[in-house]
Structures are given as C-alpha cells and as structure tokens.
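Chain and residue survey
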Amino acid sequence: MSLQCGIVGLPNVGKSTLFNCLSNAKAQSANFPFCTIEPNVGVITVPDERLIKLGEMCKPERGVIPTTVEIVDIAGLVKGASKGEGLGNKFLANIRETDAIIHVLRCFDDENVVHVDGTVNPVRDKEIIDAELQLKDLETVEARIQKCEKAAKAGGDKNAKLQLEVLVKYLEALSQGKNARTVELDNKDQEAAARDLFLLTNKPVMYVCNVDESAAVTGNAYVEQVKEAVKDEDAQVLVLAAKIESEIAELETYEERLMFLEEIGLQESGVNRLIKAAYALLNLRTFLTAGSDEVRAWTFKAGYKAPQCAGVIHTDFERGFIRAEVIKYEDFVALGGEAQCRAAGKLATEGKDYLVQDGDIMHFLFNV
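Residues numbered from 1 in each chain as written. Predicted model: local features only at pLDDT ≥ 70, side-chain atom pairs only at ≥ 80, totals over all residues. Heavy atoms only, no water.

**Describing the overall build of the protein chain**
When helices and strands are counted, the protein chain shows 14 helices and 12 strands. Burial status across the protein chain gives 47% buried among its 368 residues. Contacts spanning at least 24 positions in sequence make up 71% of the contacts within the protein chain whose residues lie at least 6 apart. (Helix = DSSP H or I, 4+ residues; strand = E, 2+ residues; numbered from the N terminus. Buried < 20%, exposed > 50% of the residue type's maximum accessible area, 1.4 Å probe, protein only. Contact = heavy atoms within 4.5 Å.)

Given below as structure tokens:
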C-alpha cells in the first residue's frame, strides 16, 4: 500500500535534517535554500511495541517484520511558488503526488541558521505556505468551473452539475484565504467529487514545530503561537527538536538512545512519535499475523473489511475468502498465545462484513 506523507516548509526550517533522522536516505542538509531539488523518498519502519511482545512470545523462525510508511522530503517552498518562483511549479507538483502533508515550522532562534525571510515567525511561515497552496488550488478550481459549466449546459451532465456545486464551495473558501479542507460538504456524493479534484489544501496536514533542546519537552512561545493559529483546523501539532533527533539517530544501541531520552526528560523520541502520527494521518491501521514462522504487521486503510485485509497479504486470499479467525492482541498476550485463546473462547470467527480493528491478530481461510 504505497501512500506517502510529504514534508514541506520554507527553506532552512529543518526539513532535511528531520528527514535524515527518519530515513537511511541522506538528503543533503545545508544552510542555504534549495539544497533538496529532487524529492527524496524514505521507506520508514513504523514503531510498534506490540511486535516486540509477540516476537518474544512466538520466537518466530523468520523473525519479526514491521510495516512501513513512505515519507517524501520536498524542497523548500518560497513566496511566489504558485507563480513559479524558486522552482515552485516543480515543488507544487511533488506535493500534489503525496497523500498527506507534514508541515515543518521553525520554532527556534539561532543566529547561525539563516531564515529566508530574515526573522523567526512560524505563523507567518505557515501563512506563506498556505497562501501559495491556496493560489494554486484557486487556479485549479477556476479552470475546472469553466469546464463544468460548459458540460452542464451542453448536455445536462449530472456529474458536471455535482462537481460544479463542490467547486463553487471551494471557490468561496479559497477566495477568502481558507484551505479547502475547511469546507463542509453536504453528502457522500459531494465528498467523492471532491476527491477527484486532488486539491493541495484538501490533504490532511500535521504541523511539526521544530524547537531547540531547551523546548523539546515543554515547547515554547513559538509553539503556543502555532497552536493558536491552527486551533480551528482539523490538524495535529507535534513538537520535536530535529537537532536532538539527529544526535539520537547516531547512537548505536537502543539502550543508549533510551538513556539519552531519559536524560532530557522524554519517554519516546520525536521521530517515533512523528512516524506514528504520519501513519495515522494517512488513515492507516495495522493488523497482525503471529506464529512460529514469523510475526508480521500489515497495513490497511481504516474501514477495511476482512476480505480487503486478506487481499493485503495476497489477492488470492481476497478472491477466495471464506472466513477470518480473529484474536484481540490483548487477549493473545494475557492468555499466552493462540491455543490458549482458542480454548478460552477468545478466538472469533468472522465473515465478509467484519470491520477489521487496529491490532487484530488475523488468520484467513480461503479457497481458490
């Protein structure tokens, strides 16, 4: 399931430093704009403590296999990007290809790191990016409105009329400097029509406040300004210190990293929190398979039913789906394994309409 989160922001806010912490890919990280011209894609392992426990219990021959999420490091946008400034057209095209946006905001002072606009102001930086994406969306919406109006008048096209209703809603919001994701649609038909537009400001977004070490645990005034600015958006705000994360990434053992985190007062690294949040931002969930051969995490979209999840493993599983055997992770751990859960009546047999839940331990029966 190839879904991507794109990391965006102004130049020199810490995007590439953060990406380097997330991935083995090494985007060039330097103190000048546009050091990342081509988008760098990292396939990132999703941390999942459940896998560690299941691995200890099952001792699988082939080991433990986590699931992954793709993160794309996109070069820094600047004011005027929607008109092509700073290679803007290329960067905006890269954003369009992603499924969600991680918007990195500089929330630290450092006279040795140049800010593209001269001063540190994360709310202003956010508004610059928003404005450029909104202008591009406005351009898209206006062009589509012209086509839909012609189609609706010429042949009474119902789909064109439906899309026109949606486009007019977006036009009103974007003209007022609002993001497309703030628009409330009336029904599922309008929601389906909206998805076909692929608007940049309709993508789910998470704001990452990049702070210095002193603010890694508590945040700072800049972070509070960001939280106030986005309080009416359906968006998460995550605080981390990219410089600290890069130091953690250089430590060789898990124990060393844990000690480092304890010393600065953190229970979990910012990178781990970011990966989990990015996974959730894409509306992804995890089901598990556990046995003596392997323990594995599998990615599925929230709302998938049992046959669709079977298809994640292999298309034949979905095509010939008969039923699924499901054990809740908590029961598996508490009772000591599959056999004990079966004996205690904690193994459920589910059919085609079962909505799979995050953490379900699944076994599929099929016939092709």
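More follows now that the structure is in view.
**A look at the packing of helix H1 (residues 15–22) against helix H10 (residues 270–281)**
Relative orientation of the contacting elements H1 and H10 amounts to 90°, with a least axis distance of 10 Å. By the angle between their directions, the pair H1 and H10 is classed as roughly perpendicular. Here Leu18, Cys21 and Leu22 of H1 come into contact with H10, specifically with Val271, Leu274 and Ile275. Taken together, the residues of the contact of H1 with H10 break down into 6 nonpolar, no polar and no charged. (Axes fitted to C-alpha atoms, helices over the stretch in contact; angles between N-to-C directions. Parallel < 35°, antiparallel > 145°, perpendicular 65-115°, else oblique. Nonpolar A, V, L, I, M, F, W, Y, C, P; charged D, E, K, R; others polar.)

**A word on the side chain of Thr289**
Structurally, Thr289 can be placed in strand S8 (residues 284–290). Judged by relative accessible area, which is 15%, Thr289 ranks as buried. A distance of 3.0 Å separates a polar atom in the side chain of Thr289 from a polar atom in the side chain of Trp298. Other than its neighbours up to four places away in sequence, Thr289 contacts Glu294, Val295, Arg296, Trp298, Ile313 and Met362. (Polar contact = N/O pair within 3.5 Å; in protein donor to acceptor, adjacent residues only side chain to side chain.)

**Regarding the sheet that holds strand S7 (residues 236–240)**
The strand order across the open sheet formed by 6 strands is S2-S4-S1-S5-S6-S7, and the pairing between neighbours is mixed. Edge strands, defined here as strands with exactly one partner in the open sheet, are strand S2 (40–45) and S7. Between one strand axis and the next, the sheet turns through 25° on average, direction left out of account. As paired strands, strand S6 (residues 205–210) and S7 are joined by 5 bridges and run parallel to one another. Paired with Tyr207 across the strands is Val237, a residue of S7. (Pairing = 2+ DSSP bridges.)

**Focus: the packing of helix H5 (residues 158–175) against helix H6 (residues 188–195)**
Where H5 contacts H6, the two axes come as close as 9 Å, and the packing angle between them is 75°. Comparing their axes, H6 and H5 come out roughly perpendicular. When H5 is examined against H6, the residues Leu162, Gln163, Glu165, Val166, Lys169 and Tyr170 are found in contact with a partner set consisting of Asp189, Gln190, Ala193 and Ala194. When grouped by side-chain class, the residues that make up the contact of H5 with H6 number 5 nonpolar, 2 polar and 3 charged.

**A look at the side chain of Gln4**
Along the chain, Gln4 falls in strand S1 (residues 4–8). Looking at Gln4, the relative accessible area reads 17%, which means it is buried. Reaching out from Gln4, the side chain makes a polar contact with the side chain of Glu70 at a distance of 2.7 Å. Residues within four places of Gln4 in sequence aside, it is in contact with Val41, Glu70, Val72, Glu97, Thr98, Asp99, Ala100 and Leu282.

**Digging into a negative patch on the surface**
Together, Asp109, Asp212, Glu213, Glu247 and Glu250 make up a negatively charged patch on the protein surface. The residue Glu250 is located in helix H8 (residues 242–250) in this model. (Patch = residues over 30% accessible without salt bridge, like charges linked within 9 Å, V, L, I, M, F, W, Y side chains within 5 Å. Areas by Shrake-Rupley, 256 points an atom, 1.4 Å probe, with all protein chains shown as cover. Salt bridge = Lys/Arg side-chain N within 4 Å of Asp/Glu carboxyl O. Lys, Arg positive; Asp, Glu negative; His and termini not counted. Charge placed at Lys NZ, Arg CZ, Asp CG, Glu CD.)

**Remarks on the packing of aromatic side chains**
Evaluated as defined, the whole model comprises 6 aromatic pairs. When the ring of Phe287 is compared with that of Phe300, the centres are 6.0 Å apart and the planes differ by 45°; the resulting orientation is tilted. Pair noted here: Phe287 is in strand S8 and Phe300 is in strand S9 (residues 295–301), with a separation of 13 residues, a long-range link. Residue Phe287 is classed as buried on the basis of its relative accessible area, which comes to 0%. Given the relative accessible area of 1%, Phe300 is considered buried. (Phe/Tyr/Trp six-rings, centres within 6.5 Å; stacked < 30°, edge-to-face > 60°.)

**So, unusual backbone geometry**
The phi dihedral of Asn12 is positive, around 65°, even though this residue is not glycine. As for its placement among the helices and strands, Asn12 is situated in the loop between S1 and H1. Despite not being glycine, Lys59 shows a phi value in the positive range, around 45°. Mapped onto the elements, Lys59 comes out in the loop between helix H2 (49–58) and strand S3 (64–65).

**Points about the environment of Ile313**
For Ile313, the location among the structural elements is in helix H11 (residues 306–313). Sequence separation between Ile313 and Thr299 is 14 residues, and the spatial gap between their C-alpha atoms is 9.5 Å. In contact with Ile313, other than residues within four places in its own chain, are Phe287, Thr289, Trp298 and Phe364.

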